[in-house]
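# Results of the structural survey
As a plain string of letters, each chain reads:
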Amino acid sequence: MKKLTKEQITGILGQPNGALKLMQMNVDTDALLNEAVRMFIEDGAASALILRLANKKQYVIRLREDGEFTSALLSGLSSDSPKLRRNCARLIGKLMLTEYAGALIAALSRED
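As a starting point, this report considers the structure included with it. (Residues numbered from 1 in each chain as written. Predicted model: local features only at pLDDT ≥ 70, side-chain atom pairs only at ≥ 80, totals over all residues. Heavy atoms only, no water.)

We now examine the overall build of the protein. Looking only at helices and strands, the protein has eight helices and zero strands in total. For the protein, the succession of helices and strands along the chain, N to C, is α-α-α-α-α-α-α-α. Taking the principal axes of its C-alpha atoms as reference, the protein extends roughly 40 × 25 × 20 Å. The 112 residues of the protein split such that 39% are buried. Surface accessibility of the protein: about 6,500 Å² in total, with carbon and sulfur atoms responsible for 51%. Taking the 16 positively charged and 13 negatively charged side chains of the protein as two groups, their mean positions are separated by 8 Å. (Helix = DSSP H or I, 4+ residues; strand = E, 2+ residues; numbered from the N terminus. Buried < 20%, exposed > 50% of the residue type's maximum accessible area, 1.4 Å probe, protein only. Areas by Shrake-Rupley, 256 points an atom, 1.4 Å probe, with all protein chains shown as cover. Lys, Arg positive; Asp, Glu negative; His and termini not counted. Charge placed at Lys NZ, Arg CZ, Asp CG, Glu CD.)

Let's shift gears to the side chain of Arg85. Mapped onto the fold, Arg85 is located in helix α7 (residues 82-94). From its side chain, Arg85 meets the backbone oxygen of Ser79 in a polar contact 2.8 Å long. Here the side chain of Arg85 touches Glu111 through a polar contact of 2.6 Å, side chain to side chain. Contacts of Arg85, omitting those with residues within four sequence positions, involve Gly76, Leu77, Ser79, Asp80 and Glu111. (Polar contact = N/O pair within 3.5 Å; in protein donor to acceptor, adjacent residues only side chain to side chain. Contact = heavy atoms within 4.5 Å.)

With that settled, the discussion passes to a positive patch on the surface. A contiguous patch of positive charge on the surface is contributed by Arg52, Lys83, Arg86 and Arg90. Sorting elements by how many residues they give to the positive patch places α7 first, with three residues. Assignment of secondary structure puts Arg86 in helix α7. Classification of Arg86 by relative accessible area gives partly exposed; the value is 46%. (Patch = residues over 30% accessible without salt bridge, like charges linked within 9 Å, V, L, I, M, F, W, Y side chains within 5 Å. Salt bridge = Lys/Arg side-chain N within 4 Å of Asp/Glu carboxyl O.)

Once rolled over the atoms, a probe with the size of a water molecule shows which space is left empty. A volume near 360 Å³ is recorded for the largest pocket. Looking at the lining of the largest pocket, the elements with two or more residues in it are α2 (18-24), α4 (47-53) and α7. For the lining of the largest pocket, the leading source of residues is α7, giving six residues. For the lining of the largest pocket, the per-class residue count stands at nine nonpolar, seven polar and five charged. (1 Å grid on protein atoms, 1.4 Å probe; cavity = no way out; pocket = protein on both sides within 12 Å on 5 of 7 lines; lining within 4 Å. Points joined across faces, edges and corners; volume = space filled by probe spheres on them. Nonpolar A, V, L, I, M, F, W, Y, C, P; charged D, E, K, R; others polar.)

Encoded structure:
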């Protein structure tokens, strides 16, 4: 399976339906998840891709156990980007991070 670089992933994500395109490619999804998480932690990028990857139970477990990632999710709830806030909220729900329920409720109450 093919491994993609950060630059390749970024380029594809910049296209319409980029996350879907990445999921349809014959790539190493373990490596893709690792790179997407790194991009998310560093730049708040790749949240839509992570949402798609989180449909696999094995990845849900990995994401839940990554404290740096879950902290970045919490920070993302306060982002200026509506898309990032929405994706962080969806990920918190998908990963069943019940300990973040209060933060999620507070973030949702700030939305219009």
